[in-house]
Amino acid sequence: MRLGGLRYALAATASTAALTTATHAQDAGAPVFGLISPALGTPEVVQFALFAGAMTAALASALWLIRERGRTAAQNDALRAKVQALNGQIATLEALARTDGQRAIIWEDKDRKPAVIGALEASTGAPAERSTFLAFGRWLEPRSAARLEHLIADLRDEAKPFSDIIETRAGAPLEVTGRTNGSSAVVRFANLASERATGAKLALEHNRVVQILQTLKSLLDAMDAPAWLRDSNGALTWVNASYARSVQQEDAAEAVARGSELFGSQALRRISEQSRTESGFNEPVSTVVDGDRVVFEVSETPGPWGSAGIAIDQTEFDAIRSELNKTIRSHEETLDQLNTAVAMFDENARLRFYNQAFRELWGLDVAFLESVPDNTMLLDRLRAEGKLPEQPEWRRWKDGILAAYQSIEPQEHWWHLPSAQTLRVVASPHPKGGLTWVFEDLTERIDLESRYKTMVRVRGETLDHLAEGVAVFAANGKLQLANPAFARFWGIEALIAEDGVHIARIAAECGNEETWKHFAGIVTGFDDDRGDEAGRCEQDGLTLSWMIAPLPNGQTMITFVDVTASDQVERALRDRNDALERTARLRNRFVQHVSYELRTPLTNIAGFTALLASDDTGPLNRKQREYVDHISSSSDALMLIVDDILDLATIDAGIMELDFREIEIEPVMREIATALAPRLQEHEIDLAVRIDPDIGAIHADGSRLRQAVYNVLSNAADFAPEGTTVVFTGEREANGVVIKIRDHGPGIPEDSLNEIFNPFHTGKPGRRRGAGLGLSLAKSFVTLHDGRIEIQSSPERGTEVHLHFPQVPPSMQVAAE
């Protein structure tokens, strides 16, 4: 494009020059060498002149441009040569800086990032990375980094040059200098030569030692404990402020100058002797400070220059420790009396204390506990003995339990032991490490809670299903408890659904004003001597029997029983009882009357039968005598029945009296056996009498005793099959005698065993004789003697009856007393 423009300018310049020449020639009247026609006018000549001028200017401009272009190219070549020379110098300087163990930071402008050139030795600990190197706090010692940051800030802001020795975190000393050059700031880091590095390290170490010594002296001066330094001769060279106060000097310098000693000569001699040893002196020493006896725990250790010592006042500490020991012993004695198991472990998880309840809970022997086992060993032993709950992952469970040692908050666990005990286990961490384990046995509590909740549920269910109405009122008259029967009796189902209904509202709803007014007076009254009350009231056709019972805390319970039906039943039973009593009286009168009326003709029959049987009335043939004997035996049997009926009537009336005497049993038994012998022989039944030689005597009514035994033996004779044997036995037992009668009959059916002692029970058909009164009377007579009668029967063995008579009937003993 530049070449095309130049060509265009040259053409324009030539045209302008030609036009100008033609114009001048025309004005002179000369021909223009045929370039311009004579016919051209003045405007055309002017245009041609302008074209020729332009061409001339373009040629001149082109020549100037060509000359300037050459001169610019020469200047560019010179500048390139200078840049190459400068780059070479910079590379040379960087190589020189790297090989010389130097590194520089250059700030050209405050707003531009600094340039970092050079490198330091790796042993110095200086990082090679630019960003890390500029973070001085990451590789310089903190005090050196802070000082360097301050010096660089002054250099850049106020152009203050500096030179200093700094220390890296690796302990290597570096020389750092800062200079300004115009608007630039340069900070140079250089490795020190070996001698200079050694000197710099010594200087840094000296400064550090001096600072540490000053810090320690400041600390010791601030402590309320005497401290001192002695030279190799034992003389004081420095003391702190507390030492000066203890020896009553104004300041430490005066105490050193005067050589004021805190302890007596004997104590100083002992301290001096032991402080020369490797272990130094560490013992309590007593001295007087401000007129008070004080015990110091003195520690003095030797050093290369002399010795240093410090004295800690143990007086208050000893008092506190003594009080603490007393408190600990008191707490341990208190814990030993608790029923809750307690065990304390130190920071190493070793057992330091346990109470008696802990040993008894886990059944551990004293020798094991006194061996100071750790918590892990204790858990493993309890697991081995089957005293801990079985866990699917024992190690994880144990680690979770022992994690309480790393916790700062108490932890709570629930253990359900194989022994059916439930423990609430609380691990409470100690401030200085260790744990206190508390094992609270909640088995009984949980059982009581369960039983209490069950009891409450049962009570609620019971009250809800009671036919009786129950209501409990507080001392302020508010309803505390009511069951559905109470609401149903009084028709207040909706009212008692509200909480805390007052008795006055209930009285208003029920309508039985007098009754509820009485109830309200008792419930809200202030009588100290409250007693039970009972009564009846009518409510909607019901007869309610109520009872008031005072409860604890001023509460009152009122119960209501619907006695409407029971009243009717009671009246019916009363009427029936009256009828039965009248019937019994009528029966007794009838029995007595009939017995009397029967006894008189029977006596006449017996008398006339005896008269007919005697020879005084004349001889009787065989047939007549047989009839007379039948009449006689029948009248005797009927007389016995009448006597039995009279005895039963007397017993039922409760008016029978016994005449207790000492009765020999053997004569009675042989008398009964003799009386029944003809009857047994008649049916070909043998009687085996077996009497204990030591059977002796008992206190009894002889007549009733004979009658009871006779009736049972007679019953056996009636049921024993012909050709069998009835065994009649008398034996002595612990508190009396027992008479046994056994036959080999068909036995008594099981469903009839409870009926055979009923009056007029005759058993199955086929028995020989009797009215069914013998066994009933026998049981009654035995019972009147405070004895008992037992019966055993089976088809295979027959029937055996035992009559137990006490040695002395209890009723007789009571009467005697």
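Bear in mind the structure is a predicted one, so any value in this text is a computation, not a measurement.

Of regular secondary structure, the protein chain possesses 23 helices and 27 strands. Once local pairs closer than 6 in sequence are excluded, the contacts in the protein chain between residues at least 24 apart make up 51%.

Taken together, I212, L216 and L219 make up a surface patch of nonpolar side chains, about 270 Å² in accessible area. Within the element layout of this structure, L219 appears in helix α5 (residues 194–222).

Enumeration according to the criterion identifies 28 salt bridges in this entry. For R451, the salt bridge goes to D447, with nearest N and O atoms at 3.3 Å. Pair noted here: R451 and D447 are both in helix α14 (residues 443–465), with a separation of 4 residues, about one helical turn. Relative accessible area serves as the criterion here: at 53%, R451 is assigned to the exposed category. Here the salt bridges share partners, and the residues they tie into one network are D365, R381, E385 and K387.

Tallied over the entire structure, the rule returns 1 cavity of 30 Å³ or more. One number sums up the size of the largest cavity: a volume of about 70 Å³. A343, F345, F358, W362, N375, L378, L379, L382, I401, W415, W437 and F439 together form the lining of the largest cavity. Contributions of two or more residues to the lining of the largest cavity are made by β11 (341–345), α10 (356–362), α12 (375–384) and β15 (435–441). Element by element, the count of residues in the lining of the largest cavity is highest for α12, at 4 residues. Within the lining of the largest cavity, the residues separate by chemical class into 11 nonpolar, 1 polar and no charged.

What follows covers the sheet that holds strand β1 (residues 102–107). Ordered by their spatial adjacency, 5 strands build an open sheet running β2-β1-β5-β4-β3, and the pairing between neighbours is antiparallel. Each having just a single partner strand, β2 (115–118) and β3 (162–167) make up the two edges of the open sheet. Geometrically, the sheet is characterised by an average inter-axis angle of 20° between neighbouring strands, direction not taken into account. Bridge analysis of β1 against β2 gives 4 bridges, and the strand direction is antiparallel. What sits directly across from I105, in β2, is V116. Contacting β1, β3, β4 (173–181) and β5 (184–191), helix α4 (residues 142–158) runs over the sheet at an angle of about 160° to β3.

Turning our eyes to something else, we now look at the nonpolar core. Among the nonpolar cores identified, the biggest contains 42 residues, and I665, F728, I741, L803 and F805 are the most heavily contacted of them. Elements with a minimum of two residues in this core: α19 (622–653), α20 (665–682), β23 (697–700), α21 (702–719), β24 (725–733), β25 (736–743), α22 (774–784) and β27 (798–806).

Inspection of the entire model under this criterion finds 24 aromatic pairs. Between W415 and F439, the ring centres sit 5.9 Å apart and the planes meet at 55°, which makes this aromatic pair tilted. Of this pair, W415 sits in strand β13 (residues 411–416) while F439 sits in strand β15; the two residues are 24 residues apart in sequence, bridging distant segments of the chain. Each member of the pair, W415 together with F439, is buried. Above the face of the F133 ring, R103 is positioned so that its terminal group lies 4.5 Å from the ring centre. Of note, R381 hangs over the ring of F368, and the distance from its end group to the ring centre comes to 4.3 Å.

Between its terminal C-alpha atoms α4 stretches 24 Å, which fits the 24 Å expected from 17 residues at 1.5 Å a residue. Those residues of α4 not exposed but buried are S144, A145, L148, L151, I152, D154 and L155. On its buried side, α4 packs onto β1, β3, β4 and β5. With a side-chain oxygen positioned 3.1 Å from the backbone nitrogen of R143, the residue opening α4 is E141. Trailing α4 by a residue or two, A159 shows a phi angle of about 60°, which is positive.

On to unusual backbone geometry. Look at Q248: it is not a glycine, yet its phi comes out positive at around 60°. Here A420, not a glycine, exhibits a phi torsion of approximately 70°, which is positive. Turning to its location among the elements, A420 is positioned in the loop between β13 and β14 (422–429).

Mean pLDDT over the protein chain works out to 81, with 88% of the residues at or above the 70 mark. Here residues 1–37 is modelled with pLDDT under 50, and outside its nearest four sequence neighbours on either side it reaches 77 contacts, counting other chains as well. In this model, residues 765–769 is a region of pLDDT below 50 whose contacts with residues beyond four sequence positions or in other chains number 17 contacts.

What follows covers the sheet that holds strand β9 (residues 292–302). Pairing within the open sheet is antiparallel, and its 5 strands lie in the order β7-β6-β10-β9-β8. Single-partner strands in this sheet number two, and they are β7 (236–239) and β8 (281–289). Across the sheet, the mean angle from the axis of one strand to that of its neighbour is 25°, orientation sign disregarded. Bridge count for strand β6 (residues 227–231) against β7 is 3 bridges, and the pairing is antiparallel. Paired with R230 across the two strands is L236, which belongs to β7. Sheet contacts for helix α8 (residues 265–275): β6, β8 and β9; angle to β8, the most-contacted strand, approximately 160°.

The next point concerns the packing of α21 against α22. To characterise two packed helices, one gives the angle between the axes of the helices and the distance between these axes. Where α21 contacts α22, the two axes come as close as 8 Å, and the packing angle between them is 145°. Viewed along their axes, α21 and α22 form a crossing whose handedness is left-handed. Judged by residue contacts, R704, Q707, A708, N711, V712 and N715 of α21 engage G774, L775, L777, A778, F781 and V782 from α22. A per-class count over the contact of α21 with α22 returns 7 nonpolar, 4 polar and 1 charged.

With their axes 10 Å apart at the nearest point, helix α16 (residues 503–510) and helix α17 (residues 513–523) run at an angle of 170° to one another. On the basis of their axis angle, the class for α16 and α17 is roughly antiparallel. For the pair α16 and α17, contact is made by I503, I506, A507 and C510 and by W516, F519, A520 and V523, respectively.

To continue, consider the environment of L351. If you trace the backbone, L351 turns up in strand β12 (residues 351–354). A sequence separation of 27 residues divides L351 from L378, and the C-alpha atoms of the two residues are 9.0 Å apart. Leaving out residues up to four positions away in the same chain, L351 has contacts with A343, M344, F345, L369, V372 and P373.

For the rest of this paragraph, the subject is the layout of surface pockets. What the second largest pocket holds in volume is close to 330 Å³. Lining of the second largest pocket is provided by 17 residues; of these, G234, S272, S275, R276 and S307 occupy positions nearest its centre. Every element with two or more residues in the lining of the second largest pocket is listed here: β6, α8, β9 and β10 (306–313). Of all the elements, α8 adds the most residues to the lining of the second largest pocket, at 5 residues. A breakdown of the residues in the lining of the second largest pocket according to their chemical character gives 3 nonpolar, 8 polar and 6 charged.

Rules used throughout
Residues numbered from 1 in each chain as written. Predicted model: local features only at pLDDT ≥ 70, side-chain atom pairs only at ≥ 80, totals over all residues. Heavy atoms only, no water. Helix = DSSP H or I, 4+ residues; strand = E, 2+ residues; numbered from the N terminus. Contact = heavy atoms within 4.5 Å. Patch = residues over 30% accessible without salt bridge, like charges linked within 9 Å, V, L, I, M, F, W, Y side chains within 5 Å. Areas by Shrake-Rupley, 256 points an atom, 1.4 Å probe, with all protein chains shown as cover. Salt bridge = Lys/Arg side-chain N within 4 Å of Asp/Glu carboxyl O. Buried < 20%, exposed > 50% of the residue type's maximum accessible area, 1.4 Å probe, protein only. 1 Å grid on protein atoms, 1.4 Å probe; cavity = no way out; pocket = protein on both sides within 12 Å on 5 of 7 lines; lining within 4 Å. Points joined across faces, edges and corners; volume = space filled by probe spheres on them. Nonpolar A, V, L, I, M, F, W, Y, C, P; charged D, E, K, R; others polar. Pairing = 2+ DSSP bridges. Axes fitted to C-alpha atoms, helices over the stretch in contact; angles between N-to-C directions. Core = buried A, V, L, I, M, F, W, Y, C linked by side-chain atoms within 4.5 Å. Phe/Tyr/Trp six-rings, centres within 6.5 Å; stacked < 30°, edge-to-face > 60°. Lys NZ or Arg CZ within 6 Å of the ring centre and 35° of its normal. Expected span 1.5 Å × (residues − 1). Polar contact = N/O pair within 3.5 Å; in protein donor to acceptor, adjacent residues only side chain to side chain. pLDDT = per-residue confidence, 0-100. Left-handed = near helix turned anticlockwise from the far one by under 90°. Parallel < 35°, antiparallel > 145°, perpendicular 65-115°, else oblique.

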